[in-house]
Every structure is written in C-alpha cells, then in structure tokens.
Amino acid sequence: METNRLITPSYCYILTANFLLYFGFWLLTPVLPFYLSEIFNASNSTIGIVLSCYTISSLLIRPFSGYFMDTFARKPLYLFAYFIFTSIFAGYMLASTLTWFILLRIIHGLSFGMVTVGGNTIVIDIMPSSRRGEGLGYYGLANNIAMSIGPMFGLFLHNAGTPYIIIFSYSLGACLLGLLIAGLVKTPYKPPVKREPVSLDRFILIKGLPAGLSLLLLSIPYGMTTNYVAMYAKQIGITAETGFFFTFMAIGMAISRLFSGRLVDKGKITQVILAGIYLVCLCYFLLTSCGWIIEWNHTITTILFFTIALLLGVGFGTMFPAYNTLFVNLAPNNQRGTATSTYLTSWDVGIGIGMVSGGYIAEYTSFKMAYLFGALLTIFSLFYFSLKVTPHFQKNKVR
C-alpha cells in the first residue's frame, strides 16, 4: 500500500545528489564561453557549436536512456552515468586542443543525458503518486539552488583570475561527493519487464510530442540565456556582477515552488503552464529591450535586468514540474522512463538550438537580436500550447 509520506531518507539523498550534479554543471556553464574564447581563441559562432555538442549528444542518448531505465535496473545505470559525468571534469583539465575538448563535451553530454533521465525516473519511483507535482517541484528546486550558487561562484572565480584548472576542480569535487551520496538511495524493486518488439514508442512518448514541441520553443531562448547572458550584459554595457542574474533567477524558481507543485497536484497542469508561458514571454521582450533602454538610463536598465532574472525564474519554475507531470500523466507506469526522456529531450533540443542560433545571430548582428528572436519563439509556443497541446492532453491523459 502506497504511503503518502514524501520526505524520506532516499528522497533527501537523491535531492542532494541532484543538487551537487547540477552545481558542477552550472558552475561551468557561464565560464565556458570565456574559456573557449581566451584559451582557444574561438569566435562566438564556434563557441556556440562547441557548447551545443554537449546538448546534441545529450539529446541523442535520452530516448535510449528512457528505454534502458524502463527495461533494466535503474539505480546501477544511474550510478554508472553519474560516474562518467563526474570523470569528464578531470578530462577537461587535460584537454590541450579544441578537438580534444569537443570530444570530451560529447561524452559529457551522453552521460548527462543518461544521469538526468535516471535521476528523474528514480525520484518518481520513490515518491507517492498523490504528491508527484510537489515532489518534482522540490526535486527541481535542488537544481534551482545549484543554479543560484554555481554560475555566480564560477563567474566570481573567473573574474578574480582563478586558473581554469581550479574552476574545473570545484566541479569535479562537487560531483564526486554527489556520486557517493547517490549510492545511498534505496529504490523499490522493479521486476524484469518483458518488452514488445522494438518500436518507436519504446524510445519516444508519441503522445507527448505536441507538448514536446511547445517546450522546445521555450527552451531555445533559455539556452541563449544560460550561456550568453553574461556576454550580452557586457556587450550592451551593464557593469554589475552578472553572476547575480542566475541567483535572482534561481530565487524566482524557488518562490514558484511554493505554489506551483501543489496546484499541479490539484489538476491545474495546463493552467499552471500557461501562466508560466505568459510571464516568460513578457520577460524575453523586456530582456531584449535592455539593449535600447541602457542608452537612456544605465541604472534603470541594471535594475530591470535583474528583475527580469527574478521573473524568468518564477515563469520557468512554475512550468517545469507542470510540464514534467504532464508528460508522466500521458504515459502508463511502465513508460515512466520514456516519458521523462521525451520531456528532457524536448528541452535539450531547444537548448542546443539556442546555443547555436544565439552564437550565430550574435556573430552577425548582436545578442540583442538573438534575444528578440527568442522572444518571438515564446509567442509561438504560447499559441501552440493553447490551441493544440491543451486539448490534446485532456483527450489523451491516462491519469
């Protein structure tokens, strides 16, 4: 009989492991464009391509990750992927050429695609279904806290002139600790699954594709933000410490967790997502406008810049657990891994497109135009979700 208890030792362990995994990830995210530029003299377009290798490899492995998680024991696969992910940070310290660095980014992306699907699937397994929205909200909050500390810490180290090998060491150490804690998680027994002949729906949740497209359109500007917002601020003349952008964004996400998960558990999944999309649309148009407003008033632009970060956090933080629950609710229990991988694949495809397109648009125009492009995509996502995804979900949901 399922207990309604959410906070258990295993749940706390996996939240901590998730936090440390993402801390290592987020610490390097805003630093890597500077690393590639300063160490390898890479152009903006080249930086976009190199960074996107990580996301492309991650999304390529995600459908298979879901299949493996649904077919085999989840915890060993999760720990193996976590180990590979952690080991690559040591490899970065030895990368002496751009080609070697790209190869490591590809392997890093493959392991990230597996470990994140594994973590999301395991946390769903160990929580009561009646509190899934709330539980996923707190699980995502661990990522948000990492996002509030990691980028700020990474940029602080970089701006202080810390050698890159030391910065990579912090990521390595955090993930090593996370790997040890992940080993303490106790997962429920999952009997062997007899699979039907291999077909497309074993790797992708077909019923989740409409929602996946709407999520993809939102993740394109998000990918631009996580990788280029510090460069954008520098380009338009914002002199404040841009690492705080991620801190405010994470605070906004934390605030959203106080209400979004519970609303999702009450069945207001599509309403919560729509509210988040409206807010994100507004934020990206305001972020674009910073490039013009700063010519009028530097102080007001700086205040607006960090206010946007806070509101972006609320918008995305509101949507994340709702989107995750939407995908899970479209799938039977034996396809939880597939549902999770489809959700994360959609997100990663957009992140990859955002990295590449953001770099290219900035190379030939400016980051301001890149964010305008992203803002327009959020409008498309809003209309598509309202007109297509919502009725599709109401018709096809299984719970």
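Quantities reported herein were computed from a predicted structural model and do not represent experimental measurements.

Scoring rules and cut-offs
For every chain, the first residue of its written sequence is number 1, and the numbers climb from 1 along that sequence. Reporting in this predicted model follows two pLDDT cut-offs: at least 70 for local features of residues, and 80 or more for side-chain atom pairs to be given and counted; totals over whole chains, interfaces and linings ignore these cut-offs and use all residues. To obtain the side-chain values, all non-hydrogen atoms of the structure were used and water was disregarded. Numbering goes from the N terminus for both helices and strands, where a helix is a DSSP run of H or I of at least four residues and a strand is a run of E of at least two. A radius of gyration in this sense is built from C-alpha atoms; the matching globule rule multiplies 2.2 Å by the number of residues raised to 0.38. To sort residues, take the accessible area from a 1.4 Å probe on protein chains only and compare it with the maximum for the residue type: under 20% means buried, over 50% means exposed, and anything in between is partly exposed. Residues count as neighbours in contact if any of their non-hydrogen atoms are within 4.5 Å of one another. Where accessible areas are quoted, they stem from the Shrake-Rupley method and a 1.4 Å probe; at the residue level, only the protein chains shown are allowed to cover. By the counting scheme adopted, Arg and Lys are positive, Glu and Asp are negative, and His together with the chain ends is not counted. One atom stands in for each charge, and that atom is NZ of Lys, CZ of Arg, CG of Asp or CD of Glu. Residues belong to a common nonpolar core when they are buried Ala, Val, Leu, Ile, Met, Phe, Trp, Tyr or Cys residues joined through side-chain atoms within 4.5 Å. Patches here are clusters of residues that have more than 30% relative accessible area and form no salt bridge, with a 9 Å joining cutoff for like charges and a 5 Å cutoff for nonpolar side chains (Val, Leu, Ile, Met, Phe, Trp, Tyr). In the sections that follow, a salt bridge refers to a side-chain nitrogen of Lys or Arg positioned within 4 Å of a carboxyl oxygen of Asp or Glu. Inter-axis angles, ranging from 0 to 180 degrees, are taken between N-to-C directions of lines fitted to C-alpha atoms, where helices are fitted over the stretch in contact. Small angles under 35 degrees read as roughly parallel and large ones over 145 as roughly antiparallel, with 65 to 115 read as roughly perpendicular and the rest as oblique. For any helix crossing, the convention is left-handed if the near helix is rotated counterclockwise from the far helix by under a right angle, and right-handed if that rotation is clockwise. In this analysis a 1.4 Å probe is tested at points of a 1 Å grid over the protein atoms alone, and where it fits but cannot get out there is a cavity; an open set with protein on both sides within 12 Å along at least five of seven lines is a pocket; lining residues have an atom within 4 Å of a point. Grid points are joined across faces, edges and corners, and a volume is the space filled by probe spheres set on the points. When residue character is reported, Ala, Val, Leu, Ile, Met, Phe, Trp, Tyr, Cys and Pro are called nonpolar, Asp, Glu, Lys and Arg charged, and the others, Gly included, polar. The span expected for a helix works out to 1.5 Å for each residue beyond the first. The rule is short: rings of Phe, Tyr and Trp, with Trp giving its six-membered ring, pair when the centres are within 6.5 Å, and they are stacked under 30 degrees, edge-to-face over 60, tilted in between. Two cysteine sulfurs form a disulfide in these notes if their separation is within 2.5 Å.

1. Things to note about the overall build of the protein chain
Link 1 in the chain: Looking only at helices and strands, the protein chain features 14 helices and zero strands.
Link 2 in the chain: Over its C-alpha trace the protein chain gives a radius of gyration of 20 Å, about what one expects of a compact globule, namely 21 Å for 399 residues.
Link 3 in the chain: Its C-alpha atoms put the protein chain at 60 × 45 × 35 Å along the principal axes.
Link 4 in the chain: For the protein chain, buried positions account for 60% of its 399 residues.
Link 5 in the chain: The contacts of the protein chain with a sequence gap of at least 6 include a subset with a gap of at least 24, amounting to 88%.
Link 6 in the chain: Element-wise, carbon and sulfur atoms account for 70% of the exposed surface of the protein chain, whose accessible area totals about 15,500 Å².
Link 7 in the chain: Taking the average location of the 24 positive side-chain charges in the protein chain and that of its 12 negative ones, the two points are 10 Å from each other.

2. Some thoughts on unusual backbone geometry
Link 1 in the chain: Positioned with a positive phi, Asn41 is a non-glycine residue whose angle comes to about 55°.
Link 2 in the chain: Mapped onto the elements of the fold, Asn41 is located in the loop between α2 (32–40) and α3 (44–71).

3. A closer look at the environment of Tyr22
Link 1 in the chain: Tracing the sequence through the fold places Tyr22 in helix α1 (residues 9–28).
Link 2 in the chain: Given a relative accessible area of 11%, Tyr22 falls into the buried group.
Link 3 in the chain: Considered as a pair, Tyr22 and Asn143 are 121 residues apart in the sequence and their alpha carbons are 5.8 Å apart.
Link 4 in the chain: In this structure, Tyr22 is in contact with Phe112, Thr116, Asn143 and Ala146, ignoring residues within four places of it in sequence.

4. Quick word on the nonpolar core
Link 1 in the chain: Counting 126 residues, the largest nonpolar core has Tyr82, Tyr222, Phe316 and Tyr323 as the members making the most contacts within it.
Link 2 in the chain: The residues contacting Tyr323, other than those within four sequence positions of it, are Ala211, Ser214, Leu215, Leu218, Ile273, Ile277, Tyr343 and Phe385.

5. Notes on a nonpolar patch on the surface
Link 1 in the chain: A contiguous nonpolar surface patch, about 590 Å² in accessible area, is contributed by Phe244, Phe248, Ile251, Ile255, Leu258, Phe259 and Leu263.
Link 2 in the chain: Here the nonpolar patch gets four residues from one element, more than from any other, and that element is helix α9 (residues 243–257).
Link 3 in the chain: Locating Leu263 in the fold gives a position in helix α10 (residues 260–265).
Link 4 in the chain: Accessibility expressed as a relative area gives 30% for Leu263, which makes it partly exposed.

6. A word on the packing of helix α4 (residues 74–94) against helix α7 (residues 164–182)
Link 1 in the chain: Running from N to C, α4 and α7 point in directions that differ by 165°, and their axes come no closer than 8 Å. Taken together, α4 and α7 sit at an angle that is classed as roughly antiparallel. Relative to α7, α4 is oriented so that their crossing is left-handed. Residue-level inspection shows Lys75, Tyr78, Leu79, Tyr82, Phe83, Phe85, Thr86, Phe89, Ala90, Tyr92 and Met93 of α4 in contact with α7, the latter providing Ile165, Phe168, Ser169, Ser171, Leu172, Cys175, Leu176, Gly178, Leu179 and Ala182.

7. Concerning empty space enclosed by the protein
Link 1 in the chain: For the structure on display, the rule yields two cavities of 30 Å³ or more.
Link 2 in the chain: Considered as a void within the structure, the largest cavity measures approximately 620 Å³ in volume.
Link 3 in the chain: Taken together, 37 residues form the lining of the largest cavity, with Tyr22, Trp26, Phe112, Asn143 and Trp347 sitting closest to its centre.
Link 4 in the chain: For the lining of the largest cavity, the elements supplying multiple residues, two or more each, are α1, α3, α4, α5 (98–125), α6 (132–159), α8 (209–236), α12 (298–329) and α13 (336–364).
Link 5 in the chain: With six residues, α13 is the single largest residue contributor to the lining of the largest cavity.
Link 6 in the chain: Here the lining of the largest cavity is composed, by residue class, of 21 nonpolar, 12 polar and four charged.
Link 7 in the chain: Its boundaries defined by the atoms lining it, the second largest cavity holds a volume of some 50 Å³.
Link 8 in the chain: What lines the second largest cavity is simply Ala17, Asn18, Leu21, Tyr22, Tyr78, Tyr82, Val115, Thr116, Gly119, Asn120 and Tyr139.
Link 9 in the chain: Elements with a minimum of two residues in the lining of the second largest cavity: α1, α4 and α5.

8. Considerations on α7
One turn of the α-helix equals 3.6 residues, which is why residues spaced by three or four share an orientation.
Link 1 in the chain: Counted at 1.5 Å a residue, the expected span for α7 with its 19 residues is 27 Å, and the 27 Å between its end C-alpha atoms agrees.
Link 2 in the chain: Those residues of α7 lying buried are Tyr164, Ile167, Phe168, Ser171, Leu172, Ala174, Cys175, Gly178, Leu179, Ile181 and Ala182.

9. Describing the packing of helix α11 (residues 269–293) against helix α14 (residues 367–396)
Link 1 in the chain: For the pair α11 and α14, the least separation of the axes is 8 Å and the interaxial angle reads 170°. It follows from the interaxial angle that α11 and α14 lie roughly antiparallel. The chirality of how α11 crosses α14 is left-handed.
Link 2 in the chain: Classifying every residue of the contact of α11 with α14 gives 20 nonpolar, eight polar and one charged.

10. A few points about the environment of Ile353
Link 1 in the chain: Structurally, Ile353 can be placed in helix α13.
Link 2 in the chain: Between the C-alpha atoms of Ile353 and Thr121, which are 232 residues apart in sequence, the distance is 25 Å.
Link 3 in the chain: When neighbours within four sequence positions are excluded, Ile353 is seen to be in contact with Leu216, Ile220 and Gly358.

11. Description of the packing of aromatic side chains
Link 1 in the chain: One pass over the full model with this rule turns up 36 aromatic pairs.
Link 2 in the chain: Residues Tyr92 and Phe101 carry aromatic rings whose centres are separated by 5.1 Å and whose planes lie at 25° to one another, so their mutual orientation is stacked. Like Phe101, Tyr92 is buried.
Link 3 in the chain: Between the aromatic rings of Phe320 and Trp347, the centroid separation amounts to 5.1 Å while the plane-to-plane angle is 85°, which identifies the pairing as edge-to-face. Note that Phe320 is positioned in helix α12 and Trp347 in helix α13, a separation of 27 residues in sequence.

12. Things to note about the state of the cysteines
Link 1 in the chain: As enumerated under the stated definition, the model contains zero disulfides in all.
Link 2 in the chain: Its sulfur unpaired, Cys175 is 20 Å from the next cysteine sulfur, which belongs to Cys12.
Link 3 in the chain: Judged by its relative accessible area of 0%, Cys175 falls in the buried class.
Link 4 in the chain: Cysteine Cys290 shares no disulfide, and the gap to the nearest cysteine sulfur, in Cys283, comes to 10 Å.

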